Amino acid sequence: MFRHLLRIDHLSKSQVEAILTLARIIKDKAKRGVPHQTLGGKVLAMIFEKPSTRTRVSFEVGMYQMGGTALYIEASTTQLGRGESIADTARVMSRYVDGVMIRAYSQEAVEEFARYSSVPVINGLTDRFHPCQILSDLFTVQEKMGDLQSRRIAYVGDGNNVANSWINAAALLGFQLVLACPEGFEPDAPILGKAPENVRLVRDPREAVQGAHVVYTDVWVSMGQEEETEHRKRTFAPYQVNAQLLQYCPEALVMHCLPAHRGLEITSEAMDGPRSVVFDQAENRLHVQKAILELLMGDRKPKSLQAQE
Ligand code: CP
Ligand code: NVA
């Protein structure tokens, strides 16, 4: 299968499909109240340099429900905060646990940790990517719309970590992705530059959402960018997902990775409206992460895909 989950462009199409298929099995079993304990006795270390609600709780609950346990570790309270190297930390920590999930500023730091770790490493968000979020969002689109391939996703707002991972996913799977970002806030140039024709960048959010099956947005100020708040609020104002914008795509679902800043990137009307799937989307983090954990840390590995008890 795959050894770590660091970024979507490190995965193959069939690996993404395996994650989504297993997540479907896990969610269906959970809804029927059937236990799915494929990680008995396993331990996941979760290292956080940044805050989290969904990622932390869904990984922790997921491990518990699968028969294992998770450790919440604030990076600043470890010896990392006092200068112990990433490489040494990875070598030591991976002797204690069966997997490590890291939320960090630097993508390079997470990749370095993985190089020195003897157990699987999962990227729980960096400044550059948020692969677990987008894998879960792909699951939500598939669940709500039946298929992904023929869909058109409009991403409106900041060309950030979430946007970068959406581009990776569209490049891999082939669905249409149109991003509307203001000048100076585009996704990473090397990622966008390598993207195939099914990925487009426009300036006008109305153009992006026309014909879209999903309108997706994220915060205007990501974690670590707080000093830019006022400038960003002014720049992004025309990119708000609201009733007016949604008139251009009457069939589209509304998605947001959350946390949302109601009244900024999305109005309450859009977020609580009949087309919003944001809370189902948030729930799916749990089911999809359990699939990721099982594929990386479970003993049964892909055989579990056939094991539809
Ligand atoms: N969407 C997401 O990753 O949320 P948290 O920051 O709460 O983990
Ligand atoms: N782009 C946001 C995502 C939060 C889940 C951030 O990095 O803060």
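Refer to the structure above for everything that follows.
Residues numbered from 1 in each chain as written. Chains lettered and ligands numbered in written order. Predicted model: local features only at pLDDT ≥ 70, side-chain atom pairs only at ≥ 80, totals over all residues. Heavy atoms only, no water.

S.K.: Which parts of the structure should I look at to understand the overall build of the chain?
M.R.: Secondary structure summary: the chain contains 12 helices and 9 strands in total. The C-alpha atoms of the chain give 19 Å as radius of gyration, which agrees with the globular expectation for 309 residues (19 Å, within 12%). Taken over the C-alpha atoms alone, the chain extends approximately 50 × 50 × 35 Å along its principal axes. In the chain, which comprises 309 residues, the proportion classed as buried is 56%. Considering only contacts in the chain between residues 6 or more positions apart, those separated by 24 or more positions represent 72%. Approximately 13100 Å² of the chain is accessible, and the part contributed by carbon and sulfur atoms is 49%. (Helix = DSSP H or I, 4+ residues; strand = E, 2+ residues; numbered from the N terminus. Rg over C-alpha atoms; globule rule 2.2 N^0.38 Å. Buried < 20%, exposed > 50% of the residue type's maximum accessible area, 1.4 Å probe, protein only. Contact = heavy atoms within 4.5 Å. Areas by Shrake-Rupley, 256 points an atom, 1.4 Å probe, with all protein chains shown as cover.)

S.K.: Explain the nonpolar core to me, please; I cannot follow it from the model alone.
M.R.: Burial of nonpolar side chains together is a common tendency in soluble globular proteins. Counting 59 residues, the largest nonpolar core has L135, L138, W166, F175, L177 and Y216 as the members making the most contacts within it. Ranked by size, the runner-up nonpolar core spans 22 residues in total, among them A212, L245, A270 and A282. (Core = buried A, V, L, I, M, F, W, Y, C linked by side-chain atoms within 4.5 Å.)

S.K.: Would you mind showing me how to read the packing of helix α5 (residues 131-145) against helix α12 (residues 278-297) here?
M.R.: Geometry of a packed helix pair, given as the angle between the helix axes and the separation of the axes. It is at 8 Å that the axes of α5 and α12 come closest, and there the two elements cross at 115°. Taken together, the axes of α5 and α12 are roughly perpendicular relative to one another. For the element pair α5 and α12, the recorded crossing hand is right-handed. Contacts between α5 and α12 involve C132, Q133, L135, S136, D137, F139, T140, E143 and K144 on the former and, on the latter, D280, Q281, N284, R285, V288, Q289 and I292. When its residues are assigned to classes, the contact of α5 with α12 shows 5 nonpolar, 6 polar and 5 charged. (Axes fitted to C-alpha atoms, helices over the stretch in contact; angles between N-to-C directions. Parallel < 35°, antiparallel > 145°, perpendicular 65-115°, else oblique. Left-handed = near helix turned anticlockwise from the far one by under 90°. Nonpolar A, V, L, I, M, F, W, Y, C, P; charged D, E, K, R; others polar.)

S.K.: Got a minute to help me understand the site of ligand 1 in this structure?
M.R.: Taken together, S52, T53, R54, T55, R103, H130, Q133, C257, L258 and R285 make up the full set of residues adjacent to ligand 1. Within the side chain of Q133, a nitrogen or oxygen atom sits 2.9 Å from a nitrogen atom of ligand 1. Within the complex, 95% of the 250 Å² of free accessible area of ligand 1 lies under protein. Split into classes, the residues belonging to the shell around ligand 1 amount to 2 nonpolar, 5 polar and 3 charged. (Near = heavy atom within 4 Å. Polar contact = N/O pair within 3.5 Å; in protein donor to acceptor, adjacent residues only side chain to side chain.)

S.K.: What is the right way to read the sheet that holds strand β1 (residues 43-48) from this model?
M.R.: Backbone hydrogen bonds hold the strands of a sheet together, and the pairing may be parallel or antiparallel. Pairing in this open sheet of 4 strands is parallel, and the strands run β2-β1-β3-β4 from one edge to the other. Of all strands in the sheet, those bounded by a partner on one side alone are β2 (69-74) and β4 (121-123). The average undirected angle you get between the axes of adjacent strands in this sheet is 20°. Inspection of the sheet shows strand β3 (residues 99-103) paired to β4 by 3 bridges, in the parallel sense. Each residue of the ladder has a partner; that of V100, found in β4, is V121. Docked against the sheet, helix α2 (residues 54-65) engages β1, β2, β3 and β4, running at close to 170° with respect to β1. (Pairing = 2+ DSSP bridges.)

S.K.: What exactly am I supposed to notice about the site of ligand 2 here?
M.R.: Taken together, L125, H130, N160, N161, D218, V219, S222, M223 and L258 form the complete shell of residues around ligand 2. At 2.8 Å from an oxygen atom of ligand 2 is found a side-chain nitrogen or oxygen belonging to N161. D218 is positioned with one of its side-chain polar atoms (N or O) 2.6 Å from a nitrogen atom of ligand 2. Out of a free accessible area of 260 Å², ligand 2 has 96% covered by protein chains.

S.K.: Explain α5 to me, please; I cannot follow it from the model alone.
M.R.: For an α-helix, the turn length of 3.6 residues means that residues three or four places apart are oriented alike. With 15 residues, α5 extends 21 Å from end C-alpha to end C-alpha; this agrees with the ideal 21 Å at 1.5 Å per step. Where burial is concerned, most of α5 is hidden: 12 out of the 15 residues are buried. By the burial criterion, the buried members of α5 are P131, C132, Q133, I134, L135, S136, D137, L138, F139, T140, V141 and M145. Directly after α5, the chain includes G146, whose backbone phi takes a positive value near 90°. (Expected span 1.5 Å × (residues − 1).)

S.K.: How do you make sense of the pattern of salt bridges when you look at a structure like this?
M.R.: Oppositely charged side chains may form a pair once their charged atoms are brought near each other. Scanning the entire structure with this criterion turns up 21 salt bridges. Put simply, D147 and R151 hold a salt bridge, and the shortest N to O gap is 3.3 Å. The network of salt bridges with common partners includes R24, K27, D28 and E143. (Salt bridge = Lys/Arg side-chain N within 4 Å of Asp/Glu carboxyl O.)

S.K.: Got a minute to help me understand unusual backbone geometry in this structure?
M.R.: Most peptide bonds are trans, and most residues other than glycine sit at a negative phi. Of note, the bond from L258 into P259 is cis; its omega dihedral lies within 30 degrees of zero at 5°. Here P259 is to be found in the loop between β9 (253-256) and α11 (268-271). By the element assignment, L258 lies in the loop between β9 and α11.

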